[in-house]
Amino acid sequence: TMPDIDLAYPDDRRDEMINYVVEKYGRENVAQIITFGTLGARAAIRDVGRAMDIPLNEVDRVARLAPSGPNTKIQQGLDKVPELRQLYEGVDYIRDLIDTAQKLEGLSRHASTHAAGVVIADKPLVAYTPLHRPTKGGDRESAVAQYDMNDLEAIGLLKLDFLGLSTLSVMRLACDLIQRYHGRKLDLESIPINDPKALQLLASGHVAGLFQVESSGMRRVLRAMQPTRFEHIIATISLYRPGPMEYIDSYINRMHGQEPVVYRHPALEPILAETYGIMVYQEDVIRMARDLAGYTAADADLMRRAVGKKKRKELLSHRQTFVAGAMRRGIPSHVAEAIFDDIEYFARYGFNKAHGADYAAITCQTAYLKAYYPVEYMAALLTVERHNTDKVGAFVAECRRMDIEVLPPDVNRSDLGFAIERPTGDGSTGLAEVGAGAIHFGLGAVKNVGEGPVETILAGRREGGEFTSLEDFCQRVDLRQVNRRALECLIKVGALDRFGSRAQLQAITDRMIGVSARTHQARESGQLSLFDLAAAPPVGSLLDGLPPVVEVPSREMLNWEKELTGVYISAHPLQQVAANLGGIVTAYSSEITEEMAGQRHTVAGMVERVRQN
């Protein structure tokens, strides 16, 4: 069979790679792959209800009672949900609705483009598969294969997955910052994967922002395991899946000598010694078939596929072949049967070691960057995730845990992304000490402020340096391009605090935009140039100073910050009482882990909102 090829690229460059493949092999030989959305239980009920003109609230009530999730059927709801059964038996048009929906569930509802799949052929694809125009948007000249990925594989075509991975974008940006501030060039080839300090960071459980290991369960496993080798990370990633998870504790105990390592037969030791006698990888299955039963490599891979896909007829044939081959090599039949039982159970969930090693390499490399260059790595991480306020809040909290100061947004100091504010170097190289510096909050991470408005502000700053006053800001930045909503949000989060209080600036937003508009309109019409500004009417006279308004309460300002950035920037609502809570609070909420189950701890918090049912 064709190999399964997954290629991961920085998520902002995936389209470039697809275009490269199109140019290399020809537009007619390359296509993305179609995928079909099917009618689930709830979707079938809603679509049928719309067609039957049943009131929306009634359809919604029935749909909510139906089961949701993959491979669920309406019949399961009728069997297990008494209220749904009661409606079905008591209301005629509800019965018609459900009966019709049951006939339709599972049918294809719409077509879309597979998130990653690309098919490449040796000649024009029309020779192999019907083609389809892109389902929406995109390049109308390109095509989508109208057979789905399973059918394309069945007819022998090569399918590749082009995956966009944001972690690679983070690493690339972090390496750029490291080269700028420390003069060291790093890339995927040169970042170590077996560094002791990086492994120590993983073992500590402080893994926020690291690839594949951020979950609380992964943190627990890493703390218990205390990995010391790259191979331990490969095993962690491969074991942390449904099925093999039940062996994690045994793996850790055997690793630390707290449980004996046992093998069903001595011939298994060369294969499973690295994983302490536990079957972890699909490659283990292939080696067992070859070394214990005399399979060829190709036949061993076919056995792995048969076990993984639970093909009953093929499994019976492979069991007989495996046991017979093992017996010829001196392994008793009952031991060979037991080994095949293990293979059959394991391979339902087995992980490809090459895949696990790729993931583990990125995990260890991100740990290396965070361990040795924490400011640069966290700045890159925040920049790439700047549109996700939940993640921004979590990563800012991680910065503070690491004693990295996160400075408020500032039109004079901040960039689109999160910029590093670092101490001046030693004067000879201009390079900073590792770990030195703070991070300025990115203007592009403020909600309702797009890249266009930020670029307008940055262009004005690049043109004449830092803004010296509010008048200077209005004169050099075309606030028509920034727009009122973006300007108000920047004021609310404190990006213009150097020019006045937030209440004062909000009170004159219209005047700021008006002054800026008149200045730039005059410049565009040729009435005003940069050299004429000195002779123009003083902008300050048009702004008439800042009005004497009462400042917004600090609690309201903090709420603005939290709403628009995902984090409290200038202070924390509990900061004033934190000193008094020092002897009462026993843990921060972020410190609570699964290991604390059954313990009593005191945390402090505040009610943000109340919802009444």
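Residues numbered from 1 in each chain as written. Predicted model: local features only at pLDDT ≥ 70, side-chain atom pairs only at ≥ 80, totals over all residues. Heavy atoms only, no water.

**Q** Please clarify how the overall build of the chain should be interpreted in this entry.
**A** A tally of helices and strands in the chain yields 29 helices and nine strands. Across its three principal axes, the chain shows a C-alpha extent of roughly 100 × 70 × 60 Å. A burial count over the chain gives 44% of its 613 residues as buried. Surface summary for the chain: the accessible area is close to 32100 Å², and the carbon and sulfur share equals 50%. One finds the centroid of the 71 positive side-chain charges in the chain at a distance of 3 Å from the centroid of its 80 negative side-chain charges. (Helix = DSSP H or I, 4+ residues; strand = E, 2+ residues; numbered from the N terminus. Buried < 20%, exposed > 50% of the residue type's maximum accessible area, 1.4 Å probe, protein only. Areas by Shrake-Rupley, 256 points an atom, 1.4 Å probe, with all protein chains shown as cover. Lys, Arg positive; Asp, Glu negative; His and termini not counted. Charge placed at Lys NZ, Arg CZ, Asp CG, Glu CD.)

**Q** How should I be thinking about the nonpolar core in this particular structure?
**A** Leu202, Leu369, Ile439 and Phe441 are the most contacted members of the largest nonpolar core, which has 67 residues in total. For this core, the elements supplying multiple residues, two or more each, are α8 (166-182), α9 (196-204), α10 (216-225), α11 (230-239), α12 (248-255), α18 (353-372), α19 (374-384) and α20 (389-401). With 29 residues, the next largest nonpolar core counts Val446, Val477, Leu487 and Ile513 among its residues. (Core = buried A, V, L, I, M, F, W, Y, C linked by side-chain atoms within 4.5 Å.)

**Q** Even after reading the chapter, I still don't get the environment of Ile94, so can you show me in this structure?
**A** Here Ile94 lies in helix α6 (residues 92-104). Remark: the alpha-carbon pair of Ile94 and Gly40, spanning 54 residues in sequence, is separated by 18 Å. The contact partners of Ile94, leaving out residues within four places of it in the chain, are Glu58, Val62, Leu87 and Tyr88. (Contact = heavy atoms within 4.5 Å.)

**Q** So what exactly am I meant to see when it comes to the side chain of Glu344 here?
**A** Mapping Glu344 onto the fold places it in helix α17 (residues 333-346). At 2.9 Å, the side chain of Glu344 and the side chain of Arg319 are in polar contact. Ignoring any residue separated from it by four or fewer positions in sequence, one finds Glu344 in contact with Val307, Arg312, Leu315 and Arg319. (Polar contact = N/O pair within 3.5 Å; in protein donor to acceptor, adjacent residues only side chain to side chain.)

**Q** Please clarify how α19 should be interpreted in this entry.
**A** Working note: α-helix, 3.6 residues per turn, so residues spaced by three or four point in the same direction. Counting buried residues in α19 gives ten out of eleven residues, a clear majority hidden from the surface. Residues of α19 that are buried include every one of Pro374, Val375, Glu376, Tyr377, Met378, Ala379, Ala380, Leu381, Leu382 and Thr383, and no others. Elements in contact with the buried residues of α19: α8, α18, α20, β8 (419-421) and β9 (438-440).

**Q** Where do I start with the packing of aromatic side chains in this structure?
**A** The way to describe two aromatic rings as a pair is by their centre distance and the angle between their planes. Tallied over the full model, the rule gives eight aromatic pairs. Ring centres of Phe322 and Phe340 lie 5.6 Å apart, and the angle between their planes is 55°; this geometry places the pair in the tilted category. With a gap of 18 residues between them, Phe322 in helix α16 (residues 312-328) and Phe340 in helix α17 connect regions that are remote in the sequence. Assessed through its relative accessible area of 0%, Phe340 is described here as buried. Relative to Phe499, the ring of Phe473 has its centre 6.0 Å away and its plane inclined at 35°; by these criteria the two rings are tilted. With Phe473 in helix α22 (residues 470-476) and Phe499 in the loop between α24 (484-492) and α25 (502-507), the pair connects residues that are 26 residues apart, well separated along the chain. The structure contains a cluster of three or more aromatic residues connected by ring pairs, namely Phe467, Phe473 and Phe499. Residue placement shows Lys197 over the ring face of Tyr372; its charged tip is 4.7 Å from the ring centre. (Phe/Tyr/Trp six-rings, centres within 6.5 Å; stacked < 30°, edge-to-face > 60°. Lys NZ or Arg CZ within 6 Å of the ring centre and 35° of its normal.)

**Q** Could you clarify how one ought to interpret the side chain of Asn412 in this entry?
**A** For Asn412, the position within the fold is in the loop between β7 (406-407) and β8. Judged by relative accessible area, Asn412 falls into the buried class, the value being 3%. Those residues in contact with Asn412 that lie beyond four places of it in its chain are Arg461, Glu466, Phe467 and Arg498.

**Q** Would you mind showing me how to read the pattern of salt bridges here?
**A** Pairs may arise between side chains of opposite charge once their charged atoms sit close together. The tally for this structure, following the rule as stated, stands at 35 salt bridges. The residue Asp342 makes a salt bridge to Arg264 at a minimum N-O spacing of 2.4 Å. With Asp342 in helix α17 and Arg264 in the loop between α12 and α13 (269-272), this pair connects stretches of sequence that are 78 residues apart. Between Arg319 and Glu344 there is a salt bridge whose closest N-O contact spans 2.9 Å. Of the two residues, Arg319 sits in helix α16 while Glu344 sits in helix α17, which places them 25 residues apart along the sequence. Overall, the relative accessible area of 19% leaves Glu344 in the buried class. Connected via shared salt-bridge partners are Arg319, Glu337, Asp341 and Glu344. (Salt bridge = Lys/Arg side-chain N within 4 Å of Asp/Glu carboxyl O.)

**Q** Help me understand the pairing of strand β6 (residues 158-165), please; the structure alone is not making it clear to me.
**A** Regular strands have side chains that alternate between both faces of the sheet. The pairing of strand β1 (residues 5-10) with β6 spans six bridges and is parallel. Along β6, the bridge assignment pairs Ile5 with Leu160. One ladder, built from four bridges, connects strand β3 (residues 108-120) with β6; its direction is antiparallel. In the strand pairing of β6, Val118 is matched with Leu160. (Pairing = 2+ DSSP bridges.)

**Q** Just checking my understanding: could you explain the sheet that holds β9 for this structure?
**A** Hydrogen bonds between backbone groups are what pair the strands of a sheet, and the pairing can be parallel or antiparallel. One open sheet holds the three strands; their spatial order is β7-β9-β8, and the pairing between them is mixed. Two strands lie at the open edges of the sheet, namely β7 and β8, each paired on one side alone. Against the sheet, α19 touches β8 and β9, its axis set at about 20° to β9. (Axes fitted to C-alpha atoms, helices over the stretch in contact; angles between N-to-C directions.)

**Q** Looking at this structure, I do not really get the sheet that holds β6. What am I missing?
**A** Spatial ordering of the open sheet is given by β1-β6-β3-β2-β5-β4, a layout of six strands whose pairing is mixed. Because the sheet does not close on itself, it has two edges, and the strands there are β1 and β4 (131-132). In this sheet, β3 lies alongside strand β2 (residues 30-38) in antiparallel orientation, the contact comprising eight bridges. Looking at the pairing, Phe36 lines up with Ala111 of β3.

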